[in-house]
Amino acid sequence: QVQLAESGGGLVQAGGSLTLSCAASTRTFSNYAMGWFRQAPGKEREFVGAINSRSNTVYADSVKGRFTIFRDNAKNTVSLSMNSLKPEDTAVYYCAARLFNIATITSNYNYWGQGTQVTVSS
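Here the structure is a predicted model, which is why all the values come from computation and not from measurement. (Residues numbered from 1 in each chain as written. Predicted model: local features only at pLDDT ≥ 70, side-chain atom pairs only at ≥ 80, totals over all residues. Heavy atoms only, no water.)

Section: the overall build of the protein
Part 1: Looking only at helices and strands, one finds zero helices and 11 strands in the protein.
Part 2: Starting at the N terminus and walking to the C terminus, you meet the elements of the protein as β-β-β-β-β-β-β-β-β-β-β.
Part 3: Radius of gyration (C-alpha) of the protein: 13 Å, near the 14 Å computed for a compact globule of 122 residues.
Part 4: Along the first, second and third principal axes, the C-alpha set of the protein runs to 40 × 25 × 25 Å.
Part 5: Taken across its 122 residues, the protein has 44% of its residues classed as buried.
Part 6: Of the charged side chains in the protein, 11 are positive and 7 negative, and the gap between their average positions amounts to 7 Å. (Helix = DSSP H or I, 4+ residues; strand = E, 2+ residues; numbered from the N terminus. Rg over C-alpha atoms; globule rule 2.2 N^0.38 Å. Buried < 20%, exposed > 50% of the residue type's maximum accessible area, 1.4 Å probe, protein only. Lys, Arg positive; Asp, Glu negative; His and termini not counted. Charge placed at Lys NZ, Arg CZ, Asp CG, Glu CD.)

Right under this line is the structure:
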């Protein structure tokens, strides 16, 4: 069982930056691919980006070039650095974990955090 806890959400103006963190409670964190998803009100949860154990990353087109995912296996954390934020980035952001390979579909992830709210004002 892996427990995930996100932090770092908040209110930011358009064009601003925010970094989210996700702490994982597992001794084998390096074996897990970590994904970031988001869910805006009235919308389905969508893929933002993911990173595997070798720090290879994949991003959704909507955030490519603005968001960066990185991980620290020694600290069991994965972070999502968000720059040039837009009002349409407003959502609850979730981190998720699955063994080994990156996936872009929510159902492929076994473990989820509770989420952290990000609100971007115009």
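There's plenty left to go through after this.
Describing the pairing of strand 1 (residues 3-7)
Part 1: Alternating residues of strand 1 divide into L4 and E6, all buried, and Q3, A5 and S7, none buried.
Part 2: Across five bridges, the pairing between strand 1 and strand 3 (residues 18-25) is antiparallel. In the strand pairing of strand 3, Q3 is matched with S25. (Pairing = 2+ DSSP bridges.)

Details of the side chain of S81
Part 1: With respect to the element layout, S81 can be found in strand 8 (residues 77-82).
Part 2: Leaving out residues up to four positions away in the same chain, S81 has contacts with L18, T19, R66, F67, T68 and F70. (Contact = heavy atoms within 4.5 Å.)

Here we look at unusual backbone geometry
Part 1: Even without being glycine, N76 reaches a positive phi, approximately 55 degrees.
Part 2: Tracing the chain through its elements places N76 in the loop between strand 7 (67-72) and strand 8.

Function-wise, these values are silent; they only describe arrangement.
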